[in-house]
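Architecture and fold: a report
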Amino acid sequence: MYQEQQKPVVLVVDDQATMRFFANQVLTHAGFNVLEANDGSKALATFTAKRPDFVLLDVIMPEMDGFAACKAIRTLPDGAHVPVLMMTSQGDEHAIKQAYDAGATDFIDKPISRIVLPHRVRYMLHAKQTADRLRASESHLVAAQQLAKLGSWQWQADSNIAHCSGVCCQIFGLPAAQITGNYCELFKNIPTREKRKIIEAIEAAAMSGKMVSIEHQLFPAKGSELYISHTIQVIGSNGRIHRINGTVQDITDRKKADARIRSLAYVDQLTGLANRVFLKEYLKSSLAQARRRQESLALLYLDLDDFKQVNDTLGHSAGDTLLREVAKRLKYCTRESDTLVRDRASLHTAVLGETLGNSIARLGGDEFIIVLNSIEHVDNVLQVAQRITEALAQPFKIDQQAVRVTSSIGISLFPNDGEDEETLFKNADMAMYHAKGTGKNNFQFFTASINQAIVNRLTLERNLHTALDQDQLFLQYQPKFDLASGQISGLEALLRWRHPTRGIVGPTDFITFAEECGFIVPIGEWVIHTVCQQQRAWQDAGLPAVRIALNLSVRQIRDHNLLASIQRSLAETGISPQQLELEITENVFTADTDSNRLILQQLKTMGALITLDDFGAGYSSLSYLKRFPIDILKIDRSLIQDLCTNSDSQAITAAIISMAHKLGLRVVAEGVETQQQLTYLRNYSCDEMQGYLFSQPVPAAAVPALLEQQHWSPGLSPDYSPTAIAKHL
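Residues numbered from 1 in each chain as written. Predicted model: local features only at pLDDT ≥ 70, side-chain atom pairs only at ≥ 80, totals over all residues. Heavy atoms only, no water.

1. Quick word on the packing of aromatic side chains
How two aromatic rings sit relative to each other is set out by the distance from centre to centre and by the angle between their planes. Keep this limit in mind: Only rings of Phe, Tyr and Trp enter the pairing, Trp through its six-membered ring, and a pair is recorded when the two centres are within 6.5 Å. The plane angle decides the type: under 30 degrees is stacked, over 60 is edge-to-face, the rest tilted. Partly exposed describes any residue whose relative accessible area lies between the buried limit of under 20% and the exposed limit of over 50%, with all areas from a 1.4 Å probe on protein chains only and scaled to the type maximum. Starting at the N terminus, helices and strands are each numbered in turn, a helix being any DSSP run of H or I of at least four residues and a strand any DSSP run of E of at least two. Look at NZ for Lys and CZ for Arg. If either is within 6 Å of the ring centre and within 35 degrees of the ring normal, a charge sits over the ring.
With the rule as written, the count across this model stands at 10 aromatic pairs. On the basis of an interplanar angle of 80° and a centroid distance of 6.5 Å, the ring pair of Phe443 and Phe445 is categorised as edge-to-face. The class of Phe443 is buried, set by a relative accessible area of 17%. Residues Tyr477 and Trp538 carry aromatic rings whose centres are separated by 5.2 Å and whose planes lie at 70° to one another, so their mutual orientation is edge-to-face. In this pair, Tyr477 sits in strand β19 (residues 473-482) while Trp538 sits in helix α17 (residues 520-540), placing the two residues 61 residues apart along the sequence. The residues Tyr477 and Trp538 share a single accessibility class, namely buried. Ring pairing ties together the aromatic residues Trp153, Phe172 and Phe187, which thus form one cluster. The aromatic ring of Phe396 is capped on one face by Arg329, whose charged end is 3.5 Å from the ring centroid. The side chain of Arg498 reaches across the aromatic face of Phe474, ending 4.2 Å from its centre.

Structure, rendered in structure tokens:
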């Protein structure tokens with residue numbers, strides 16, 4: 001017996017009251033709730049209002065018979081699947097057929113057995129519940145397949161008919177779920193190249209007896225291309241195919257996500273070029289290909305010259321824009337149509353893993369790598385390098401300004417300069433640094449001599465870190481003379497390195513990389529402190545106070561401890577700030593302008609003099625002289641060397657001295673070596689001079705003799721030559 005809340009509801013429809021009474025009694029006793037209707041119309045109204053679980057329906061009724069009522073019930077909500085048991089006269093075969101045609105679930109003969117009726121109802125309700133669960137499962141499956149974009153198809157060899165699920169029809173672009181003909185008809189909308197992959201997979205599955213999975217593309221008439229995962233199973237025996245089962249899934253979103261992930265992993269997001277990770281894999285594959293084919297390969301290591309000045313003067317946004325524009329020019333210079341570089345495809349293709357891709361990568365900052373495959377002759381590489389050098393030398397338009405940038409390129413060749421990625425990278429890097437050392441804006445091929453030069457430099461770099469601790473650094477001093485009085489007006493402290501194996505090393509051989517690695521800061525602190533200590537020692541010995549100049553690099557000025565370091569050295573030694581002259585170069589003006597100007601102003605306020613060194617060798621912008629707290633201009637030695645032979649140098653030197661005086665600045669000429677140069681400078685009213693004509697740089701122990709002598713006569717005699725001075729020292 002059914003519990004009350006679980007009692008199924010049965011609608012009994014019959015025009016005979018006795019029949020309704022009989023059915024009601026039997027079914028109620030069996031545990032059902034019973035509703036009654038005496039004709040088809042009332043049955044429809046009751047069904048709509050009560051939604052019964054079962055309908056027991058007589059065939060012969062007035063107004064609307066059972067056949068019409070059954071058809072109408074099937075159109076009502078919840079009526080499509082409700083069990084309908086039609087009561088017919090025994091042996092009425094025609095009525096039975098009509099009942100099924102009208103949508104009846106089953107029939108039962110009159111008169112109805114009291115015992116049979118409840119069991120028939122229970123059985124049909126149970127069957128209905130099973131069917132409901134099956135339909136729900138199928139509905140969930142369809143929904144899941146739609147969500148997963150998963151479809152299926154099956155082709156039967158005996159009927160030569162293929163059946164496709166709805167999702168499969170959508171994917172394949174088929175209008176109907178049933179296809180007649182060879183299984184290839186399923187793939188009629190798929191391009192020939194992709195169709196061939198599927199047919200080959202079917203043949204492989206037939207031969208192996210196992211499922212075969214492939215991925216292929218579809219190109220719908222509308223929309224973008226699709227990527228499909230396709231699994232195929234072939235059922236057959238004795239070499240004959242009986243059935244083919246296939247599942248298809250649209251994996252376009254996954255492929256795009258994978259491509260995006262790979263793009264993030266392999267692509268430089270600023271320029272769209274390959275990044276270091278991709279380059280490493282690409283170069284490894286390129287070298288393997290070159291070995292197989294016995295071909296040459298070139299690696300070009302490119303670094304932009306003075307790129308930091310763009311960031312410092314125009315900002316990092318402008319720097320990023322410049323890098324993107326550089327990337328465009330590099331792409332053009334190594335464009336895909338270039339016959340010098342073969343077997344290359346787009347980076348997009350390479351990222352999807354189908355073939356090798358781009359030959360250009362950004363390592364980071366302003367460094368780029370170009371890999372040229374299948375090199376037929378070294379002249380091919382030379383042409384590409386020349387093309388890149390010329391292209392990058394043309395001005396870029398950044399934020400409505402013309403920006404010029406050049407490049408230094410180092411080139412290594414496989415197999416001559418290395419047979420693995422690391423060696424080729426290292427040698428190209430060495431060649432690039434050699435290109436910078438030879439004036440920038442050029443390219444250099446790797447050679448053994450470059451290797452030795454770099455090794456020597458690296459050795460010096462390593463040794464420099466111990467030079468301070470081992471007291472290998474020392475200072476020499478070169479006097480500056482006042483042209484009007486002939487007296488020593490000051491000294492310049494010049495840094496030297498007493499190397500344990502190379503002897504005396506001048507600053508030009510180690511200052512640059514000391515600045516690059518940041519070691520110039522502790523060296524600079526040592527120089528400042530040593531100069532102040534030496535000043536104190538000379539004054540304690542009774543020598544007259546003298547102004548000493550020392551050089552400050554951009555890296556030192558950026559160091560936030562500079563001011564405190566100078567103040568500490570002055571306080572410890574009791575030296576006046578007016579006895580310090582701090583020499584800077586023009587690159588201070590083009591890097592962090594506002595910050596550097598503030599530091600220099602603080603130094604000037606403290607009492608130190610500020611000298612602009614090497615004036616005339618760089619940009620020599622007059623606006624800097626107005627904006628920065630400059631006291632002294634020092635004319636670059638290149639102008640002084642040409643002073644007697646070059647009219648342009650004469651005119652420029654005269655103009656610099658005149659301009660400086662009008663701005664209230666003193667002028668020092670450095671590198672004065674001849675009496676004739678001296679004559680020109682005296683005629684131009686130069687204030688101070690420094691050079692071998694007067695004295696070479698001397699050790700600290702020799703300075704007292706110079707200071708005691710103090711005087712130099714403009715009518716320099718042979719007995720008062722540098723050699724004669726050296727004798728006194």
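There is more to say after this.
2. Things to note about the packing of helix α11 (residues 316-333) against helix α13 (residues 378-393)
How we decide: To obtain an axis, a line is fitted to C-alpha atoms, over the contacting stretch when the element is a helix, and the angle between two such axes runs from 0 to 180 degrees between their N-to-C directions. Handedness of a crossing follows from how the near helix is turned relative to the far one, being left-handed for an anticlockwise turn of less than a right angle and right-handed for a clockwise one. The criterion used for residue contact is that any of the two residues' heavy atoms lie within 4.5 Å. Under the convention adopted here, Pro, Cys and the residues Ala, Val, Leu, Ile, Met, Phe, Trp and Tyr are nonpolar, Asp, Glu, Lys and Arg are charged, and Gly plus all remaining residues are polar.
At a minimum axis distance of 10 Å, the contact between α11 and α13 shows a crossing angle of 150°. Two packed elements cross with a definite hand, and for α11 against α13 that hand is right-handed. Contacts from Val326, Arg329, Leu330 and Cys333 of α11 reach α13 at Val384, Arg387, Ile388, Ala391 and Leu392. For the contact of α11 with α13, the class distribution of residues is seven nonpolar, no polar and two charged.

3. Details of unusual backbone geometry
Here Lys110 and Pro111 are connected by a cis peptide whose omega angle stands at -5°. Residue Phe414 is joined to Pro415 through a cis peptide bond whose omega torsion reads 5°. Residue placement: Pro415 occurs in the loop between β17 (407-414) and α14 (421-437). For Asn160, which is not glycine, the phi torsion reads 55° and is therefore positive. Along the chain, Asn160 turns up in the loop between β6 (150-156) and β7 (161-164). A positive phi is found at Asp471, a non-glycine position, where the angle reads about 55°. Topologically, Asp471 is positioned in the loop between α15 (448-467) and β19.

4. Quick notes on the nonpolar core
Spelled out, the test is: Grouping buried Ala, Val, Leu, Ile, Met, Phe, Trp, Tyr and Cys residues that are joined through side-chain atoms within 4.5 Å yields what is termed a nonpolar core.
Core analysis: the largest hydrophobic core is formed by 79 residues, its most contacted members being Ile584 and Leu603. Broken down by element, the residue count for this core peaks at eight residues, all from α17. Apart from the residues within four sequence positions on either side, Leu603 is in contact with Leu552, Leu562, Leu563, Ile566, Leu582, Ala608 and Ile610. Ranked by size, the runner-up nonpolar core spans 33 residues in total, among them Leu273, Ala298, Phe307 and Leu372.

5. Quick notes on the pattern of salt bridges
Counted only if it meets this: Any Lys or Arg side-chain nitrogen located within 4 Å of an Asp or Glu carboxyl oxygen qualifies as a salt bridge.
Counting across every chain of the model gives 25 salt bridges. A salt bridge links Arg254 to Glu215; its shortest N-O distance comes to 3.1 Å. Of the two residues, Arg254 is situated in helix α8 (residues 252-266) and Glu215 in strand β9 (residues 212-218); the sequence distance between them amounts to 39 residues. A relative accessible area of 38% means that Glu215 is categorised as partly exposed.

6. Comments concerning the sheet that holds strand β12 (residues 296-304)
How we decide: Here, a strand pair is defined by DSSP locating no fewer than two bridges between the strands.
Strands sit in the order β13-β14-β12-β17-β18 across an open sheet of five strands; the sheet is mixed. Among the strands making up the open sheet, the edge pair consists of β13 (360-364) and β18 (442-445). Taken over all neighbouring pairs, the strand axes of this sheet differ in orientation by 20° on average, direction set aside. One ladder, built from seven bridges, connects β12 with strand β14 (residues 367-375); its direction is antiparallel. Bridge pairing links Ser296 to Ile375 in β14. Sitting on the sheet, helix α9 (residues 276-293) is in contact with β12, β13, β14 and β17, with an inclination near 20° to β14. Together, β12, β14, β17 and β18 form the strand contacts of α13, whose direction differs from that of β17 by roughly 165°.

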